[in-house]
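Chains, contacts and geometry: an overview
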Number of protein chains: 2
Amino acid sequence: MIDTHTAEPSALLREAGLRVTETRLAVIAALADAPHSGVDAVVTQVSNRLASTSRQAVHNVLNDLAAAGIARRIEPAGQPGLYELRVGDNHHHIVCQRCGKVADVDCVTGHAPCLTPSKTSGFDLAEAEVTFWGVCSDCRATEVAQPAGASAPV
Amino acid sequence: MIDTHTAEPSALLREAGLRVTETRLAVIAALADAPHSGVDAVVTQVSNRLASTSRQAVHNVLNDLAAAGIARRIEPAGQPGLYELRVGDNHHHIVCQRCGKVADVDCVTGHAPCLTPSKTSGFDLAEAEVTFWGVCSDCRATEVAQPAGASAPV
DNA sequence: GTCGTTCTTTTGACACAGTAAAAACAAGCG
DNA sequence: CGCTTGTTTTTACTGTGTCAAAAGAACGAC
């Protein structure tokens, strides 16, 4: 299998049976530059590289990449979907509860650590997904000045 | 603290400073009957108990209950939000990749098992959320007859 | 029990994210 | 070069959830 984040983008596409197009290369480049990007962010990035690209094309490409296993879609609760190129390496995410920023969290304990549920309720287990929630350093800094639950002085 | 799934619903509401209304009681009853219900399912359930209720009211109530800590909202990727009354007991969910059915998974290893990320990237960690993905027994049964990836014979 | 304040619910409009489908276009093979 | 098939564009639409103003109900005070 080709390594998603070191291989030539065009090779990745060909490998997956997808045609190599400007749009797709631009989307892959955008994700390489800024992982955990949403459709909006990707559209912006792509616009900088290409003359014109429709939002729908970006949607298509991201769906195709995800279906081909080149990209992965993550969907933290309460946010639009985000995409990243790191696939198949069993890493997880930590999401800022305030600003939505996402960072990668590598899995220390090896693969699927303690992630065998006690009772699968008859389910055929395929995978475990872990999402950490917290507050990023930027938001924590802001919060000191203006605590989250604080009401403005009257 | 009042135990969410044994206490009288009206007590729960009062405790949280919320008024006791037919709508709210009906929503709580619906969630008690069918955990992991979406807004649609709750609306249907509530309609059976009450003469008329607006979808918006159900949205309001569910938001209020979630804000008050009486209910919890979960949002598996690719699905509308679901609500359940079990809160504060650190359990997780297993979701069917085919039909979206959700089951509870109790946390064997105690609280927050091995869920301390290796590197928090400067985040202030608040909580860890685990979602298991798999195929439920019903879907597996169907799948034997019609495998998911199978193309129809030409 | 009745009154009045405040919280809930209703109603209707709107915002956002994503999907659907047909026509115009381009990649890659012969 | 030119054909075939996969991409992209364009436009419309669906689903999920929010916003806000007016009507209505819960609960405490009298």
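Please read these numbers as outputs of a predicted model, since none were measured by experiment.

1. Side note on the sheet that holds strand β6 (residues 124–135) of chain B
The sheet built from six strands is open, its strands ordered β5(A)-β4(A)-β6(A)-β6(B)-β4(B)-β5(B) with mixed pairing. If you trace the sheet from one side to the other, it starts and ends with β5 (102–105) of chain A together with β5 (102–105) of chain B, each paired once. Neighbour-to-neighbour, the strand axes of the sheet open up by a mean angle of 30 degrees, direction not taken into account. Here four bridges tie strand β4 (residues 92–96) of chain A to strand β6 (residues 124–135) of chain A, and the two strands are oriented parallel to one another. Note on β6(A): the bridge partner recorded for A:Val95 is A:Trp133.

2. Details of the domain arrangement of chain A
Residues and elements named next belong to chain A. Examined at the domain level, chain A breaks down into domain 1 (9–82) and domain 2 (90–145). Between domain 1 and domain 2, the residue contacts involve seven residues of the former and eight residues of the latter. Counting each side, the surface lost to burial between domain 1 and domain 2 is near 600 Å², with a carbon and sulfur contribution of 56%. Per-residue buried area on domain 1 facing domain 2 is highest for His36, Arg72 and Gln79; these three make up 63% of the total on that side. In this assembly, domain 1 and domain 2 are joined by three residue pairs in polar contact (both at pLDDT 80 or more). In terms of residue class, the side of domain 1 that touches domain 2 is built from four nonpolar, two polar and one charged.

3. Thoughts on the pattern of salt bridges
Opposite charge on two side chains makes pairing possible when the charged atoms of those side chains draw close. For the coordinates displayed, the defined rule picks out 18 salt bridges over all chains. Across the pair B:Asp104 and B:Arg86 runs a salt bridge whose closest N-O atoms are separated by 3.5 Å. Residue B:Asp104 is found in strand β5, and its partner B:Arg86 is found in the loop between β3 (82–84) and β4 (92–96); the two are separated by 18 residues along the sequence. Given the relative accessible area of 22%, B:Arg86 is considered partly exposed. The partner of B:Asp138 in a salt bridge is B:Lys101, with the nearest N and O atoms 3.1 Å apart. Placement of the pair is B:Asp138 in helix α5 (residues 137–145) and B:Lys101 in the loop between β4 and β5, with a sequence separation of 37 residues. The structure contains a network of salt bridges with shared partners spanning A:Arg86, A:Asp104 and A:Asp106.

4. Let's talk about the sheet that holds strand β1 (residues 37–38) of chain A
With antiparallel pairing, the three strands of this open sheet are ordered in space as β1-β3-β2 (chain A). The two strands at the open ends of the sheet, each matched to only one other strand, are β1 and β2 (72–74) of chain A.

5. Some remarks on the relation of the copies chain B and chain A
Placing chain B over chain A gives an RMSD of 0.1 Å and needs a rotation angle of 180 degrees, together with 0.0 Å of translation along the axis. These values place the two chain copies in the arrangement generated by a two-fold rotation axis. In terms of C-alpha distance to the rotation axis, chain B has B:Val130 as its closest residue, with the C-alpha 2.2 Å off the axis. Residue by residue, 100% of the interface of chain B is reproduced at the interface of chain A, so both copies engage with the same surface.

6. Describing the packing of helix α2 (residues 22–33) of chain A against helix α4 (residues 55–68) of chain A
If you want to describe how two helices pack, look at the angle between their axes and the distance between the axes. Residues and elements named next belong to chain A. α4 packs onto α2 with a crossing angle of 75 degrees between their chain directions and a minimal axis gap of 10 Å. Judged by the inter-axis angle, α2 sits roughly perpendicular to α4. On α4, the residues touching Thr23, Arg24, Val27, Ile28 and Leu31 of α2 are Ala57, Val61, Leu62, Asp64 and Leu65.

7. Some thoughts on the protein's contact with DNA strand D
Around DNA strand D sit 22 residues in total, of which A:Thr21, A:Arg24, A:Ala57, B:Gln56 and B:Arg73 are the nearest. Of what DNA strand D places within 4 Å of the protein, 68% of the atoms are sugar or phosphate. Contacts to DNA strand D include B:Arg73, whose side-chain N or O atom sits 2.8 Å from a phosphate oxygen. Contributions of two or more residues to the surface near DNA strand D are made by α2 and α4 of chain A together with α4 (55–68) of chain B.

8. Brief notes about the pairing of β5(A)
Residue and element names in this part refer to chain A. Side chains of β5 alternate between two faces, with Val102 and Asp104 and Ala103 and Val105 buried alike. As paired elements, β4 and β5 share four bridges and run antiparallel to each other. Paired with His92 across the two strands is Val105, which belongs to β5. Linking two consecutive strands that pair antiparallel, namely β4 and β5, is a turn of five residues; a positive phi of about 85 degrees is found at Gly100 within it.

Rules of the game
Residues numbered from 1 in each chain as written. Chains lettered and ligands numbered in written order. Predicted model: local features only at pLDDT ≥ 70, side-chain atom pairs only at ≥ 80, totals over all residues. Heavy atoms only, no water. Pairing = 2+ DSSP bridges. Helix = DSSP H or I, 4+ residues; strand = E, 2+ residues; numbered from the N terminus. Axes fitted to C-alpha atoms, helices over the stretch in contact; angles between N-to-C directions. Domains from an automatic or database assignment. Contact = heavy atoms within 4.5 Å. Buried area = accessible area lost by both parts, 1.4 Å probe. Polar contact = N/O pair within 3.5 Å; in protein donor to acceptor, adjacent residues only side chain to side chain. Nonpolar A, V, L, I, M, F, W, Y, C, P; charged D, E, K, R; others polar. Salt bridge = Lys/Arg side-chain N within 4 Å of Asp/Glu carboxyl O. Buried < 20%, exposed > 50% of the residue type's maximum accessible area, 1.4 Å probe, protein only. Least-squares fit on C-alpha atoms with pLDDT ≥ 70 in both. Parallel < 35°, antiparallel > 145°, perpendicular 65-115°, else oblique. Near = heavy atom within 4 Å.

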